[in-house]
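These are the residues of each chain, in order.
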Amino acid sequence: EPEVTQTPSHQVTQMGQEVILRCVPISNHLYFYWYRQILGQKVEFLVSFYNNEISEKSEIFDDQFSVERPDGSNFTLKIRSTKLEDSAMYFCASSPGQEWADTQYFGPGTRLTVL
Amino acid sequence: AQSVTQLDSQVPVFEEAPVELRCNYSSSVSVYLFWYVQYPNQGLQLLLKYLSGSTLVESINGFEAEFNKSQTSFHLRKPSVHISDTAEYFCAVRRSYNQGGKLIFGQGTELSVKP
């Protein structure tokens, strides 16, 4: 069964450094998403991406965040200058978008630790 | 705006006992409802969803949830749990008729099944 994959599984970085989290969505899906979960808190929506542009973003998704689909398979989240509070589990998801009731399929997540 | 409340952060039960994980939502527009499960060290997996039609929906592993519009609830139940059901369960909503729309999650309920 096709699945969403994410790399790396765990990323440790120093505050102020740039990180890129990578995702490979399911191949025929059209919508792509990033969510995050700070330890002990809810899973929060960050951004959705469709037709090579951001379709929706949350207040969390400020100028230090960016997303890109550099080729036909990868979907990346870049954090330009990491802060301690960016430490979280980041989940990528994708959905087919071909029905009015499409389902989002999630990857296993990348645990980001900012020191 | 939508919000989701999961009333129990932790639910310990013995194997073969019944369980109910509670979920209430708030929304000014029509929504779809979802339950996702997260097994240890894994991503979020869709367990079941309510889109329309019968208010009782079932998963392949014996869970069921009932949509109650008047009480704005979508509680998850299983008549007899197994050790393997130990996981974190997330209730989520999404605006209906909104392809690619974001999911709004509850805080999660940690189900711990003891022998």
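Residues numbered from 1 in each chain as written. Chains lettered and ligands numbered in written order. Predicted model: local features only at pLDDT ≥ 70, side-chain atom pairs only at ≥ 80, totals over all residues. Heavy atoms only, no water.

Asker: Just checking my understanding: could you explain the state of the cysteines for this structure?
Answerer: Note on terminology: disulfide describes a covalent bond linking the sulfur atoms of two cysteines. According to the stated counting rule, one finds two disulfides over all chains in the structure shown. Disulfide pairing places A:C23 opposite A:C92 at an S-S distance of 1.9 Å. Classification of the bridge connecting A:C23 and A:C92 rests on its S-S torsion, roughly -65°, and on that basis the disulfide is left-handed. Remark: A:C92 occurs in strand 9 (residues 88–95) and A:C23 occurs in strand 3 (residues 19–24); sequence separation between them is 69 residues. Paired through a disulfide, B:C23 and B:C91 show a sulfur-sulfur distance of 2.0 Å. Where B:C23 bonds to B:C91 through sulfur, the torsion about that S-S bond is close to -65°, and the disulfide is left-handed. Linking B:C23 in the loop between strand 3 (19–21) and strand 4 (24–26) with B:C91 in strand 10 (residues 87–95), this pair joins segments that are 68 residues apart in sequence. (Disulfide = S-S within 2.5 Å. Helix = DSSP H or I, 4+ residues; strand = E, 2+ residues; numbered from the N terminus.)

Asker: Is there a simple way to explain the interface of chain B and chain A in this structure?
Answerer: For interface size, the figure often reported is the accessible area lost on association. Every contact between the two is made by 22 residues of chain B and, on the other side, 21 residues of chain A. Buried surface at the junction of chain B and chain A, summed over both partners, amounts to about 1,900 Å²; 53% is from carbon and sulfur atoms. The tally of links between chain B and chain A comes to one salt bridge. Among the ionic pairs, B:K102 bridges to A:E56, the shortest N-O distance being 3.6 Å. (Contact = heavy atoms within 4.5 Å. Buried area = accessible area lost by both parts, 1.4 Å probe. Salt bridge = Lys/Arg side-chain N within 4 Å of Asp/Glu carboxyl O.)

Asker: Whenever I open this one, the side chain of A:Q6 confuses me. Can you help?
Answerer: Residue and element names in this part refer to chain A. Counting through the fold element by element, Q6 comes out in strand 1 (residues 5–7). In terms of polar contacts, Q6 uses its side chain to reach the backbone carbonyl oxygen of Y90, at 3.0 Å. Within the local environment of Q6, its side chain forms a polar contact with the backbone nitrogen of G109, the two atoms lying 2.9 Å apart. Non-local contacts of Q6, meaning those with residues more than four positions away in its chain, are made with R22, C23, W34, Y90, F91, C92, G107, P108, G109 and T110. (Polar contact = N/O pair within 3.5 Å; in protein donor to acceptor, adjacent residues only side chain to side chain.)

Asker: Which parts of the structure should I look at to understand the side chain of B:S73?
Answerer: Residue and element names in this part refer to chain B. In this structure, S73 sits in strand 9 (residues 73–78). The class of S73 is buried, set by a relative accessible area of 3%. With residues up to four places along the chain from it excluded, the contact list for S73 reads C23, N24, Y25, E66, F67 and N68. (Buried < 20%, exposed > 50% of the residue type's maximum accessible area, 1.4 Å probe, protein only.)

Asker: Help me understand unusual backbone geometry in this model?
Answerer: Trans is the prevailing form of peptide bonds, just as negative phi is the prevailing case for residues other than glycine. Residue and element names in this part refer to chain A. With omega at -10°, the peptide bond leading from T7 into P8 counts as cis. Tracing the backbone shows P8 in the loop between strand 1 and strand 2 (10–13). Phi is positive for N52, which is not a glycine, with a value near 65°.

Asker: I'm lost on the packing of aromatic side chains in this one. Help?
Answerer: Per the stated rule, a full pass over the model turns up 18 aromatic pairs over all chains. Ring geometry for A:Y35 and A:F45: centres 5.7 Å apart, planes at 70°, overall edge-to-face. Placement of the pair is A:Y35 in strand 4 (residues 31–37) and A:F45 in strand 5 (residues 43–50), with a sequence separation of ten residues. Judged by relative accessible area, A:Y35 falls into the buried class, the value being 0%. Between A:F106 and B:Y36, the ring centres sit 5.2 Å apart and the planes meet at 80°, which makes this aromatic pair edge-to-face. With A:F106 in strand 10 (residues 105–106) and B:Y36 in strand 5 (residues 31–38), this residue pair bridges two chains. Relative accessible area serves as the criterion here: at 1%, B:Y36 is assigned to the buried category. (Phe/Tyr/Trp six-rings, centres within 6.5 Å; stacked < 30°, edge-to-face > 60°.)

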